[in-house]
Amino acid sequence: MHKIIVQLRSRLLVFLTHNMALPILRLIRAPQVFPYSPTDLHLLADGTLGKELIQMLESKNLQLLPYYAKHDIKHILLQYDTTDEGEVCLQCFMLGNGHLSFPVLATVIYGMITMPEYWKSFRRAHQRGKQAPAINAWPWFALLFESTATLIQKINQHEIN
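Residues numbered from 1 in each chain as written. Predicted model: local features only at pLDDT ≥ 70, side-chain atom pairs only at ≥ 80, totals over all residues. Heavy atoms only, no water.

1. Quick notes on the side chain of glutamate 87
Its location among the elements puts glutamate 87 in helix α5 (residues 84-96). In this structure, glutamate 87 is buried with no salt-bridge partner, the nearest side chain bearing the opposite charge being lysine 60 at 9.2 Å. Leave out the neighbours within four places in its chain, and glutamate 87 touches Leu13, His71, His75, Asp81, Thr82 and Thr107. (Helix = DSSP H or I, 4+ residues; strand = E, 2+ residues; numbered from the N terminus. Buried < 20%, exposed > 50% of the residue type's maximum accessible area, 1.4 Å probe, protein only. Lys, Arg positive; Asp, Glu negative; His and termini not counted. Salt bridge = Lys/Arg side-chain N within 4 Å of Asp/Glu carboxyl O. Contact = heavy atoms within 4.5 Å.)

2. Description of the packing of α5 against helix α6 (residues 102-114)
Where α5 contacts α6, the two axes come as close as 9 Å, and the packing angle between them is 125°. With respect to α6, the element α5 is oriented oblique. Relative to α6, the crossing made by α5 is left-handed. Counting all contacts with α5, which are made through Glu87, Val88, Gln91, Cys92, Met94 and Leu95, the residues of α6 involved are Val104, Leu105, Thr107, Val108 and Gly111. Each residue belonging to the contact of α5 with α6 can be placed in one class, and the counts come to seven nonpolar, three polar and one charged. (Axes fitted to C-alpha atoms, helices over the stretch in contact; angles between N-to-C directions. Parallel < 35°, antiparallel > 145°, perpendicular 65-115°, else oblique. Left-handed = near helix turned anticlockwise from the far one by under 90°. Nonpolar A, V, L, I, M, F, W, Y, C, P; charged D, E, K, R; others polar.)

As structure tokens, then:
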């Protein structure tokens, strides 16, 4: 029974984000179209964010979605998996980092209501976001040519100092 609930919860999360939130957001705000193709990303040097983006998508059998690439980049840099827990952790980090938006709030609230087994992970992600330097204004697509390890280190600098 628990397995069925987890599967339904996961399907609902995907439906709410991909089938409802994304189309609504594209209507509300002018989306930033991703300017690179998978082939472009494959040509980048190993260790760059762009190369790791395409490798991550392919390893998870996901497509490069032109309006969702920024979100996928965040998965890599914040090191949260594309699982249900990882999706909510990513949004908890963003909330802690000062990014207040409908998708962030909706995902965090949904996770808090339906995923009590991950509350500790969500709290850690939120705390991590509060401690990290603000990343919301980063030039996401320009970062594709940068070293992923260096960018992750910048985000986690509070853990190094």
